[in-house]
Amino acid sequence: MRSRVAVSTLLNGIGSLAPQLFALVLLPAFSFGLFSVSYLMFAFASSLALSILCEPWAITYRGSPSAGEWRFFSSIAVEFAGSTGVMASVITYLIVGDGRQAALSGICTVLAVYRVNARFFHAFMGNWRSVVFGDLLLLIGAGVGFGTGGAVDLDALTKVFLIWASSNFSSLIAFRRPNFVRFSLVRWWRRHAAKIRPLLTESLLMDASSIGTPYLLLPIMGLQNFGVYRAVSNLSAPARMLLTPLRPLISAKYPKALVRMQGLLPVVAAAIVAGTIVAAMLLWIGDSEADLGVVSALSEYAFATGVYTSSVVLLQLYYFISRTWSEASRLFSTRLVQTVVGIMAPIGGYLAMGLAGAIWGYALSTGFSCLLWMRLARTG
């Protein structure tokens, strides 16, 4: 069991990162800004999926899950993914004004959001054979997408979208075929609205700062600076992605070892190491004058990016724990404070000091927020 979880975590982390990493090194800041407009829509859609479907499902069936429920779960997942794909296409077109990118954004969002749901279900059910196989195919699919993009001589931005779509489509082969039950999403909402509302409210508050703030900054920053600003978050993705596959396990069983002081200290140390590695890498890239797309532009902000990386690793882990196991009222109040700080700090920083101020505001507000979630995870 543990070995399968470890292998799955590694494969899922690398495979999920592939589109972002290729985008970081292939795209200049302006093009990366365009890609980020679309990727943020997927991030918002996957956040909604966790609040509306995955976590309410885990709360409902924790302790006595039924494999037969895949019929209904998969139908909800299909309806939800299709709806968010349309949303992603429309909003991307309204912001960018490019029909091709809007279509690619919608296709990638449908595939990626459905995969998030399907993987969550199979991991929650303990079907690790399918999960590991799907994670392996995710990585292979990214390689196929990269090779295909190079063979047909696509532009860099389209190649990144192809990698993203190919990886998620390939991964779906490992999971059970979805079923279709009409209006299953509406029926699910009516049946479990009491569980969904607090999770969704808290999630929307989170998205207001993590996703809403970048969109608020975009008009005043321009796509060039927006691309550099968003690269801070994307560069920390390897560390964050290693935690994401553990979410179903945290939802199923309270991780006492991680909230006790004996377990807390090694986690904090690991987060600091991750941030130090990111900062050192950026400093090296800056000194070498290597041309690595938007990553090269980010080297000027190496220390702030390192602080952000360490902070966001801790924030994500203890947020996962708090999300499922803390009282709804305390979850809401903690999220409200984080949202206010997460919106004001980057915007205030940009107005005061430009791009550097926005990045430092982002990093320091994330550090403050991680302390809030660590405290809540320990106290409930």
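A quick note: this is a predicted structure, and the numbers were derived from the prediction, not measured.

Novice: How would you summarise the nonpolar core if you had to cite specific residues and measurements?
Specialist: Where a protein is soluble and globular, its nonpolar side chains tend to be buried together. In this structure, Phe 35, Leu 298 and Ile 359 are the most contacted members of the largest nonpolar core, which totals 79 residues. The element that contributes the greatest number of residues to this core is helix 2 (residues 29–61), accounting for 20 residues. In terms of nonpolar packing, the next biggest core, distinct from the first, is built from 20 residues, Ala 239, Ala 274, Leu 315 and Ile 321 among them.

Novice: Tell me about the packing of aromatic side chains, and please be specific about residues and values.
Specialist: Applying the stated criterion across every chain, the model contains 19 aromatic pairs. On the numbers, 6.1 Å between centres and 25 degrees between planes, the contact of Phe 161 with Trp 164 is stacked. One end of the pair is Phe 161 and the other is Trp 164, both in helix 6 (residues 156–171) and 3 residues apart, which spans about a single turn. You can call Phe 161 buried: its relative accessible area is 1%. With a relative accessible area of 2%, Trp 164 lands in the buried category. Judged by centre distance (4.6 Å) and plane angle (35 degrees), the ring pair of Tyr 308 and Tyr 362 falls under tilted. Placement of the pair is Tyr 308 in helix 14 (residues 302–325) and Tyr 362 in helix 16 (residues 355–379), with a sequence separation of 54 residues.

Novice: Now, about the packing of helix 14 against helix 16: what can you tell me, with residues and values included?
Specialist: It is at 8 Å that the axes of helix 14 and helix 16 come closest, and there the two elements cross at 30 degrees. It follows from the interaxial angle that helix 14 and helix 16 lie roughly parallel. In the crossing of helix 14 with helix 16, the sense of the turn from one axis to the other is left-handed. Touching Phe 303, Ala 304, Val 307, Tyr 308, Ser 311, Val 312, Leu 314, Leu 315, Tyr 318, Tyr 319, Ile 321 and Ser 322 of helix 14 are Ile 359, Trp 360, Tyr 362, Ala 363, Thr 366, Gly 367, Ser 369, Cys 370, Trp 373, Met 374, Leu 376 and Ala 377, all from helix 16. Split by residue class, the contact of helix 14 with helix 16 holds 19 nonpolar, 5 polar and no charged.

Novice: Can you explain the pattern of salt bridges? Please cite residues and give values.
Specialist: Using the criterion set out here, one finds 3 salt bridges in the structure. We note a salt bridge from Asp 155 to Arg 100, for which the minimum N-O separation is 3.5 Å. Placement of Asp 155 in the loop between helix 5 (128–151) and helix 6 and of Arg 100 in helix 4 (residues 99–124) is noted, with a sequence separation of 55 residues between them. Residue classification places Arg 100 among the partly exposed residues on the basis of a relative accessible area of 46%. A salt bridge links Asp 135 to Arg 119; the nearest nitrogen and oxygen atoms lie 3.0 Å apart. Of the two residues, Asp 135 is situated in helix 5 and Arg 119 in helix 4; the sequence distance between them amounts to 16 residues.

Novice: Explain the side chain of Ser 105 residue by residue, including any values.
Specialist: By the secondary structure assignment, Ser 105 is in helix 4. Accessibility expressed as a relative area gives 0% for Ser 105, which makes it buried. With near-sequence residues (within four places) excluded, Ser 105 lies in contact with Ser 38, Ala 88, Thr 92 and Phe 161.

Novice: Give a detailed account of a nonpolar patch on the surface, specifying residues and quantitative values.
Specialist: On the surface, a cluster of nonpolar side chains totalling about 500 Å² of accessible area is made up of Val 86, Val 90, Tyr 93, Leu 94 and Ile 95. For Tyr 93, a relative accessible area of 46% gives the class partly exposed.

Novice: Could you give an account of helix 4, with specific residues and numbers?
Specialist: An ideal rise of 1.5 Å per residue puts 38 Å on 26 residues; helix 4 measures up with 38 Å between its terminal C-alpha atoms. Among the 26 residues of helix 4, 19 are classified as buried, and the element is accordingly described as predominantly covered. Two or three places before Arg 100, at the start of helix 4, stands the capping residue Asp 98, its side-chain oxygen 2.9 Å from that residue's backbone nitrogen. Of the residues trailing helix 4, Gly 126 is marked for its positive phi of about 80 degrees.

Novice: I'd like a description of the environment of Val 131, backed by residues and values.
Specialist: Here Val 131 shows up in helix 5. Residue classification places Val 131 among the buried residues on the basis of a relative accessible area of 0%. The sequence separation of Val 131 and Ser 171 amounts to 40 residues, and the corresponding C-alpha distance is 9.1 Å. Leaving out residues up to four positions away in the same chain, Val 131 has contacts with Ser 8, Arg 119, His 122, Ala 123 and Phe 175.

Rules of the game
- As a convention, each chain's residues are numbered from 1 in the sequence order in which they are written.
- Given that the model is predicted, a residue must reach a pLDDT of at least 70 before its local features are reported, and side-chain atom pairs must reach 80 or more before they are shown or counted; all residues, however, enter totals for whole chains, interfaces and linings.
- Processing note: side-chain calculations cover all non-hydrogen atoms of the structure and skip hydrogens and water entirely.
- Among buried residues, those of type Ala, Val, Leu, Ile, Met, Phe, Trp, Tyr and Cys that are joined through side-chain atoms within 4.5 Å constitute a nonpolar core.
- A simple rule labels every residue: compare its accessible area, found with a 1.4 Å probe on the protein chains alone, to the largest value its type can have, and call it buried under 20%, exposed over 50%, or partly exposed in between.
- Labels follow the DSSP assignment, with helices taken as runs of H or I lasting at least four residues and strands as runs of E lasting at least two, numbered in each case from the N terminus.
- Pairing of aromatic side chains here covers Phe, Tyr and the six-membered ring of Trp, requires ring centres within 6.5 Å, and sorts the geometry by plane angle: under 30 degrees stacked, over 60 edge-to-face, intermediate tilted.
- Orientation is described by axes fitted as lines to C-alpha atoms, over the contacting stretch for helices, and by angles from 0 to 180 degrees between their N-to-C directions.
- Roughly parallel means an angle under 35 degrees; roughly antiparallel means over 145; roughly perpendicular covers 65 to 115; every other angle is labelled oblique.
- Two helices crossing with the near one rotated counterclockwise from the far one by less than a right angle form a left-handed crossing, whereas a clockwise rotation gives a right-handed crossing.
- For this analysis, residues touch if any pair of their heavy atoms sits within 4.5 Å.
- Three residue categories are used. Nonpolar comprises Ala, Val, Leu, Ile, Met, Phe, Trp, Tyr, Cys and Pro, charged comprises Asp, Glu, Lys and Arg, and polar comprises the others, including Gly.
- Think of a salt bridge as a Lys or Arg side-chain nitrogen and an Asp or Glu carboxyl oxygen that are within 4 Å of each other.
- A patch consists of residues whose relative accessible area exceeds 30% and which take part in no salt bridge; residues with like charges are grouped when within 9 Å of each other, and nonpolar side chains (Val, Leu, Ile, Met, Phe, Trp, Tyr) when within 5 Å.
- Per-residue accessibility takes into account occlusion by the displayed protein chains alone, with areas from the Shrake-Rupley method and a 1.4 Å probe.
- Multiply 1.5 Å by the residue count of a helix minus one, and that product is the helix's expected span.
- The term polar contact refers here to a pair of N or O atoms within 3.5 Å; inside protein, the definition further demands a hydrogen-donor-capable atom paired with an acceptor-capable atom, and it admits residues adjacent in sequence only when both atoms are side-chain atoms.

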